[in-house]
Structure formats: structure tokens, C-alpha cells
Amino acid sequence: MDELLAGQEINAFEEGELINGTVLSVKKSEILVDLGAHGVGIIPRNEVAFSRDLTVGEAVQASILGEETENGYQLISFRKAAKDRGWDELLIKKNEGSTIEVAPFDANRGGLLIEYNGVRGFMPVSQLAIEHYPRSTSGDRTEIVQKLSALIGKPMTVKVIDVDKKNNKLIFSERDTAKTISAEKLEGIAVGDEVEGVVTGVVDFGAFVNVDGIEGLVHISEVSWERVLDVNKYLKNGDKVRAKVISVDNGRLSLSIKQTLPDPWLSETAHFKKGDEVEGTITRITPFGAFVQITPSVEALVHITEMGTGKNDAPEKIFALGDKKKFTVIDIDLASRKIALSLKK
């Protein structure tokens, strides 16, 4: 008897253990599996629909759920077995650094929910590739969730960056995959190249542009030859643009849209000469003078010594933003792109 009991202990199951078996019967309310020397296993009622396509005699693998039922059957689960195999595969993927294809099934303001081989994980917003990053100029959480929700069901190539089965933690990254691809693509890009891209975000200081998976930034000063106060008046998300690469730093591109276009400053100043009278609008006032816009792309300077008051009055006492006045051109420096004006009569 002692020997028999010892044999039973050897054959005892541990919860979560994977075991192979053969399907004995498939019914609406239960599925029975022959576990050989271990007896008969039964699939819980809530998993029958999940496993109804099985046939009698089919070889299967299941996970042990716990104690036996009143009928002496061992509770087993196909779903948990698949999930356990999923955890094992995910750990291998993480260690290899290999990529997998996934599609998010839900989204919240923190990121995307993803299921892979029965295991549910998460991809934080910070781990999204630039083309999917939900930029919002206002920081509106509703807008961010809406942009993330548009990614539900969309195929993505990602890497597994954190696997912790014990704590049920699984984290994916699309950004890490994009970094590898971007590094290879950056090798073929040099300062001075002209590239094409798509605007992915417009902010106060410029616009982000996706150049074949590489993040680029067009600073507000490089959007147009005109003086840009609101980038939104020139660019919007989804716009296709052509830009010149002006620097490459830490895997990012600094771009210029205006440098791919003719410089209107040269054409708009071609007819000016010293002594000409021009009319302009005050755009900026400084302690040393005021800037005057005399054409859409040309600003000129009226130095404090050329204001004609003879009293060394502060520029803000003479000018107000938006004032329109007539001036005389006293100097033109094409090389430095500067024009000097005088208010003196």
C-alpha cells in the first residue's frame, strides 16, 4: 500500500503544469480528455465554446487547474495551456530581440491594449512609433484617446521589452522596432538632402514630420520665408511636404521647408534702392529701434538714431505695434539680408 501511495505522489499534478492527452468526447456542456495513467481530465463549462471544434481522438495539450471534481475528473484548461505557451514564446522573443506582428484590441489615454497568443499586454504611448504618436497641442486627453482609438485593429510590428508571468506584466514597444529601422535609413541621409515626409504634429514651435519612419522637426523659423506667428496657418496633420535636411542629431532630423522654395526676400527687394520712400507696418519694438514690415517677406530696421525726434525718445513712445508709417531707405545689405530705414523728414 505504501508503494502504491508513493506512486500516486509521483503522478500528482501541480497547478499550471502542462500535460498531453487525447480527446475522449465533445459535448455541449463538457469535453473529456484521456490523460493516460493520470486519469481523465475535464474542460470547464465556460471553455467548451472555445474548444468545440475538437474531434474525438485528437491529441491536445492542457494546463492543470487544481483539484479533482466530485466525479474524480481532473480540471484542465486548453485556454490556460495556450496562454502558458504564449508566455514562453514571449520570453523567447524578448531574449532574442525579435519582432512580432500584433493588432491592438482597445485603447486608453495611457496607451494600447494588445493580446498575443492568449496573453494580454500593454503598449504605453511613450513606446509608439512617431507616425502613431498622438500629439495634441492642447493636451486634451479626449483628443489623445481618439487618436489612439484609431489604431485599434491596425497591424503593428513590435518588440517585447518586458515579460513577467508571475506578476502578469507584458509590455510591447513599437518605438524600439522603429529605432532599428530608422538607424539603417539614417545612413542614407545627409545634410543638404531634400526629402519628402508627412506632418504628424503641429506645435507652437514648429511641426513634426515623419520622413519614411524617421522623426524630423521643422522649426517655426524654417516653415516659410514669411514671418510665421501661427504654424497652424501654414501646416496641418497629414500634409505632405518637401523639406531640406539642415542637421542630423541623435537619430532625428532638423528640416527646413522654406529652403526648398525660392527666397522671396531677394525678389521683393530687387527694386529697392537708397533714397526710396516706402510704407511699412511696425511689427516689433526694441530698446534700439523698431522693425518694419515693408513687403510680405521683408522686415527692415529703423534705428533709434533715425527716428528724427532729436530728443532720444524711447522707441515705444514714438511707435505702436501695427502703426503704418512712411520711411526712407538709407541702406541695403544683400549679403546680410538687411535694410535700414529712416523716419527723418
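Report on the accompanying structure. Bear in mind the structure is a predicted one, so any value in this text is a computation, not a measurement.

Topic: the environment of Q146
(1) Moving on: Inspection of the secondary structure assignment puts Q146 in helix α4 (residues 141–149).
(2) Moving on: Each C-alpha atom of the pair Q146 and G188 lies 35 Å from the other, and the pair is 42 residues apart in sequence.

Examining the pairing of strand β19 (residues 298–303)
(1) Moving on: Because side chains alternate across β19, one face comprises the buried residues V298, A300 and V302, and the other comprises E299, L301 and H303, none of which is buried.
(2) Moving on: Direction of pairing for strand β18 (residues 289–295) relative to β19: antiparallel, over a ladder of six bridges. Looking across to β19, one finds that Q293 is bridged to E299.
(3) Moving on: Count of turn residues in the β18/β19 antiparallel hairpin: two residues.
(4) Moving on: The pairing of β19 with strand β21 (residues 338–342) spans two bridges and is classified as parallel. Residue pairing across strands places L301 opposite A340, the latter belonging to β21.

A few points about the sheet that holds β19
(1) Moving on: If you trace the five strands once around the closed barrel, you get β17-β18-β19-β21-β20, paired in mixed fashion. Recorded for the sheet is a direction-independent mean angle of 50° between the axes of neighbouring strands.

Here we look at the pattern of salt bridges
(1) Moving on: With the rule as written, the count across this model stands at 12 salt bridges.
(2) Moving on: Across the pair D263 and R337 runs a salt bridge whose closest N-O atoms are separated by 2.2 Å. Residue D263 is located in the loop between β16 (252–256) and α6 (264–269), and its partner R337 is located in the loop between β20 (324–333) and β21; the two are separated by 74 residues in the primary sequence.
(3) Moving on: Within the structure, one salt-bridge network assembled from shared partners comprises E194, E196 and R242.

Details of the packing of aromatic side chains
(1) Moving on: Summed over all chains, the structure comprises three aromatic pairs.
(2) Moving on: Seen from their ring centres, F205 and F208 are 6.2 Å apart, and the 85° between their planes marks the pair as edge-to-face.
(3) Moving on: F205 gets classed as partly exposed once you look at its relative accessible area, which sits at 40%.
(4) Moving on: Its relative accessible area of 11% is what places F208 among the buried residues.
(5) Moving on: With 6.3 Å between their ring centres and 85° between their planes, F288 and F291 make a pair best called edge-to-face.
(6) Moving on: Sitting over the ring of F291, R284 keeps its end group 4.0 Å from the ring centre.

About the cut-offs
- Residues numbered from 1 in each chain as written.
- Predicted model: local features only at pLDDT ≥ 70, side-chain atom pairs only at ≥ 80, totals over all residues.
- Heavy atoms only, no water.
- Helix = DSSP H or I, 4+ residues; strand = E, 2+ residues; numbered from the N terminus.
- Buried < 20%, exposed > 50% of the residue type's maximum accessible area, 1.4 Å probe, protein only.
- Pairing = 2+ DSSP bridges.
- Axes fitted to C-alpha atoms, helices over the stretch in contact; angles between N-to-C directions.
- Salt bridge = Lys/Arg side-chain N within 4 Å of Asp/Glu carboxyl O.
- Phe/Tyr/Trp six-rings, centres within 6.5 Å; stacked < 30°, edge-to-face > 60°.
- Lys NZ or Arg CZ within 6 Å of the ring centre and 35° of its normal.

No statement about biological role is implied by the geometric values presented.
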